[in-house]
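So the chains spell out like this:
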Amino acid sequence: MKPARFNYHRPGNLPDALALLAEHGGAARVLAGGQSLMPLMAMRLTRPEELIDINRIDELKGITADDTAVTIGALTRYTEILRSEVIAAAVPLLAEAIRHVAHHAIRNRGTIGGSLALADPSAETPAVCLALAARVIARSAAGEREIPIDSFFHGLMATELAEDEILVGVRIPKRAASARHAFLEFARRRGDFAQAGVILAPGHTGVPENRAVVFGVGATAWRSSALEGAMGRNIADDVYAALRLEVAAAVEDETADYKARIVTTLAERAMARLA
Ligand SMILES: Cc1cc2nc3c(=O)[nH]c(=O)nc-3n(C[C@H](O)[C@H](O)[C@H](O)COP(=O)(O)OP(=O)(O)OC[C@H]3O[C@@H](n4cnc5c(N)ncnc54)[C@H](O)[C@@H]3O)c2cc1C
């Protein structure tokens, strides 16, 4: 199938893009890497009347760091993140996870901003950002705001972003020298979306905060209280019973048992890595 008719805009700077979004509101869609939006349009699962291509906006590209955090521009491609020495040193979990995203061709075009804005529950990048307490930076013609990742995902492919906002970047705290993490996912074939995944990231910034995320299970990636409570101590069977209940609450259909078995297996292996 071909997409429905649309008007194409290619602004050269952010103010022009924001003005277009303010003008067209819900009738418009931002086009970043196009790796998800173009197939959705071709299948007519979405029919934007106005397409705002942000690929020429240089201020949305690149990776910078200060003393405490790394800021990644929304239009930064997966491949650039994989090649970045800053990311390798300060946020190695992100690079490890992105190696599981699709294939070279998709990683060459797909962007971190597109992945966060799409909010696919099986996607690796949103789950990593949740595990590392990232902050999403959004801008509209009215100004800029930072959104803590814990309140960014609202439901299946739904986020806190307003219709007139562009996601301009994401700020991820740098790891402490002592920080460790475990990332495990199960996919049918390498490069497929994960059936389920588990991330453990205790003490990422050096403060004793345990963060554990489950993804590919339910409408959004979510933090597991069962795993966060269990990190750093001997695990009893009741942890996995509690984890199975969390999965059942997130899934609510006939795949719940299957997902629970995958998640508990991944969690056991992740815990063993950190032991
Ligand atoms: C065959 C295939 C396999 C894939 N496998 C995986 C996988 O294993 N793991 C995974 O995580 N992903 C996977 N993907 C998805 C891929 O990672 C996408 O690139 C990504 O989800 C979206 O990024 P994009 O830059 O292409 O965004 P686009 O497709 O351009 O946009 C996606 C959505 O986000 C919105 N958007 C984009 N950028 C912004 C912005 N800056 N501000 C506001 N809204 C914005 C768009 O309007 C659109 O609604 C796969 C895709 C394909 C085609």
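## Observations regarding the pattern of salt bridges
Using the criterion set out here, one finds 12 salt bridges in the structure. Across the pair Arg135 and Glu146 runs a salt bridge, and its minimum N-O distance is 2.6 Å. Linking Arg135 in strand β6 (residues 135-140) with Glu146 in strand β7 (residues 143-148), this pair joins segments that are 11 residues apart in sequence. On the accessibility criterion, Arg135 (35% relative accessible area) is partly exposed. The partner of Arg189 in a salt bridge is Asp192, with the nearest N and O atoms 3.1 Å apart. The exposure class of Arg189 is exposed, given its relative accessible area of 58%. What emerges from the salt-bridge pattern is a single network uniting Asp150, Glu209, Arg211, Arg223 and Glu228.

## Considering unusual backbone geometry
Positive phi is not limited to glycine here, since Ala102 has a value of about 45°. With respect to the element layout, Ala102 can be found in the loop between α5 (92-98) and α6 (104-109). Non-glycine residue Ala133 carries a positive phi angle of around 55°. Tracing the chain through its elements places Ala133 in the loop between α8 (124-131) and β6.

## Observations regarding the domain arrangement of the chain
On domain assignment, one finds that the chain holds domain 1 (7-53), domain 2 (58-173) and domain 3 (182-274). Measuring from the centre of the C-alpha atoms in domain 1 to the corresponding centre in domain 3 gives 35 Å.

Conventions used here
- Residues numbered from 1 in each chain as written.
- Predicted model: local features only at pLDDT ≥ 70, side-chain atom pairs only at ≥ 80, totals over all residues.
- Heavy atoms only, no water.
- Salt bridge = Lys/Arg side-chain N within 4 Å of Asp/Glu carboxyl O.
- Helix = DSSP H or I, 4+ residues; strand = E, 2+ residues; numbered from the N terminus.
- Buried < 20%, exposed > 50% of the residue type's maximum accessible area, 1.4 Å probe, protein only.
- Domains from an automatic or database assignment.

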